[in-house]
Amino acid sequence: MEPYRIKVVEPIPQPTRQQREEALKRVHYNLFDLRAEEVTIDLLTDSGTGALSAAQLAAGMAGDESYSGSRSFYRFHEAVTELTGYAHILPAHQGRAAERILFSTLLEPGRIVLANTHFDTTRANVELAGAEARDLPCAEARNLDSPAPFKGNIDLDALTATLAGPDGSRVAMVVMTITNNGGGGQPVSMDNLKRTSALCRQYGVPFFLDAARFAENAWLVTRHEAAYRDRTPRQVAEEAFRLADGCMMSAKKDAIVHIGGFIGLNDPELAQRCELLLIATEGFATYGGLAGRDLDMMAQGLTEVTEPSYLAERADVAAHLAHRVRAAGVDIIEPPGMHALYLNAGRLLPHIPPHHFPGHALACQLYLEGGIRSAELGSLYLGEEDEQGNPVKSAPYELVRLALPRRVYTRSHYDHVGDTLARIAKRADSVHGFRIVEQSPILRHFRATLAPVPVES
């Protein structure tokens, strides 16, 4: 059962099928542009969408809104320092702000960033700094059906070859995303983290964690890595942070807050340069663009998120939804993670070619059928087409992510998702694809407008 009881509730919108059809047309089939009041179950993201605890709200009421040196900052600083062990902590208003500050300071044109998998904004911030984002996922990640427990790992052989090869001198940093959001929400083992850390030290390359879901990664380590089965998630997380030279974190995930993030660093010179950019673009170094109450709620959330009872229930909810999705006849990336399930839209909709975006087609159908909003992670996100709409590059897999907000939906809500998918799967061959009408040069999936492509008879 859920390890909490519900104190405050919010009505769920229940627009009719006709209203949902009209809404999709109005937003040119881009689910990001739907109004929240038009969505029944919102699984677009787990970022900033969690429910605050009573303790977090109480901490927020004690927030000190002083511009400089507030009590809230020092409470936040103490909580983050105890967790991570880093010498320098800089608050930021969210993860992509932390990315921008760190990458703008550390990267130069022509440099390379290696990662297990870059997610969308991380890749964009690397490229905006003039560097190349290069992914090195482990071999097990290529088998979507494999139950291998650590498919979020980086490929150590490929990492070694790159660091020792002709491009080695161009590598500016190695980033490990835990859990691997762009790789199906799969965890990274402590063994892989240790080996990556040792390689980075050997070749003199800074090693950073993208730590948005550090607690969920730690929980899965305690479940599946023999050497850590007697450790607590908090102990695993503390060790993971200390294997890296620093981290960037969106606190909107595993600090269970609506806004916030931070950069953790050991290098004093790099920290000073980042702090100057932070002050110029975000806010003074003791608030980083946040209200004092946000800093206090982050500090409390970072304590709550490593509680075993919370993490066990989070994993159980994901497993419950995975069971319902499989029962509906829809395949997912196995094994199911914790923050999201990734539907194999390409397998469900083989009649839709990649350049007509089967993942986006399934996401739109989920909204039409059940008022469920989700996110495509396929060729709309990663692909490229020429001016005539012909494919130049397609994604390796056509996926739809069902992100699970923290402490928001119950099992009956997720049963509705399973029932909706079952209805879609029964007539999957009637689902049509889409074409792009307009798009932006980067992160096109956020702002693209689309139009339906009729199913060929």
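In the block above lies the structure referred to throughout.
To keep things clear, this report deals only with the structure shown in the data block. (Residues numbered from 1 in each chain as written. Predicted model: local features only at pLDDT ≥ 70, side-chain atom pairs only at ≥ 80, totals over all residues. Heavy atoms only, no water.)

1. Some points on the environment of Glu225
Along the polypeptide, Glu225 turns up in the loop between α8 (214-224) and α9 (233-242). Residue Glu225 is classed as buried on the basis of its relative accessible area, which comes to 11%. Between the C-alpha atoms of Glu225 and Leu276, which are 51 residues apart in sequence, the distance is 41 Å. Ignoring sequence-local partners within four residues, the contact set of Glu225 consists of Phe150, Ser189, Met190 and Asp191. Within the local environment of Glu225, its side chain forms a polar contact with the backbone nitrogen of Asp191, the two atoms lying 3.0 Å apart. (Helix = DSSP H or I, 4+ residues; strand = E, 2+ residues; numbered from the N terminus. Buried < 20%, exposed > 50% of the residue type's maximum accessible area, 1.4 Å probe, protein only. Contact = heavy atoms within 4.5 Å. Polar contact = N/O pair within 3.5 Å; in protein donor to acceptor, adjacent residues only side chain to side chain.)

2. Digging into the pairing of strand β6 (residues 207-210)
In regular strands, side chains alternate between the two faces of the sheet. The two faces of β6 match: Phe207 and Leu209 on one face and Phe208 and Asp210 on the other face are all buried. As paired elements, strand β5 (residues 171-177) and β6 share four bridges and run parallel to each other. The residue of β6 that forms the bridge with Met176 is Leu209. For the segment spanning β5, helix α7 (residues 190-203) and β6, crossover handedness is right-handed. Summarising the sheet, β6 and strand β7 (residues 246-250) pair through three bridges and their orientation is parallel. By the bridge assignment, Leu209 is partnered in β7 with Cys247. (Pairing = 2+ DSSP bridges. Right-handed = clockwise from strand over helix to strand, strands pointing away.)

3. A look at helix α6 (residues 156-164)
Regarding α6, the residues found buried are Leu159, Thr162 and Leu163. All buried residues of α6 lie within an arc of 95° about the axis, which places them on one face of the element. What points out from α6, more than 90 degrees from its buried face, is the exposed set Asp157 and Ala164. Buried residues belonging to α6 abut β3 (112-115), β4 (132-135), β5 and α7. You can read the cap of α6 off the contacts: a side-chain oxygen lies 3.1 Å from the backbone nitrogen of Asp157, and it is on Asp155. (Arc of directions from axis to C-beta.)

4. What about the packing of aromatic side chains?
Scanning all chains against the criterion turns up eleven aromatic pairs. Taken together, a centroid distance of 5.1 Å and an interplanar angle of 75° make the contact between Phe73 and Tyr74 edge-to-face. Plain terms: the ring middles of Tyr86 and Phe241 are 6.2 Å apart, the flat faces sit at 90° to each other, and that makes the pair edge-to-face. With Tyr86 in the loop between α3 (71-84) and β2 (88-92) and Phe241 in helix α9, this pair connects stretches of sequence that are 155 residues apart. Just as Tyr86 is buried, Phe241 falls in that class too. Taken together, the ring pairs in this structure connect Phe73, Tyr74, Phe76 and Phe262 into an aromatic cluster. One cation-aromatic arrangement involves Arg223 over Trp219; the distance from NZ or CZ to the ring centre is 4.3 Å. (Phe/Tyr/Trp six-rings, centres within 6.5 Å; stacked < 30°, edge-to-face > 60°. Lys NZ or Arg CZ within 6 Å of the ring centre and 35° of its normal.)

5. Overview of unusual backbone geometry
Here the bond from Ile178 into Thr179 is cis, since omega is -15°, no more than 30 degrees from zero. Inspection of the secondary structure puts Thr179 in the loop between β5 and α7. Here the bond from Glu334 into Pro335 is cis, since omega is -10°, no more than 30 degrees from zero. Examined against the element boundaries, Pro335 turns out to sit in the loop between α12 (308-327) and β9 (340-344). For Tyr29, which is not glycine, the phi torsion reads 60° and is therefore positive. You can see Tyr29 is positioned in the loop between α1 (17-26) and β1 (41-42).

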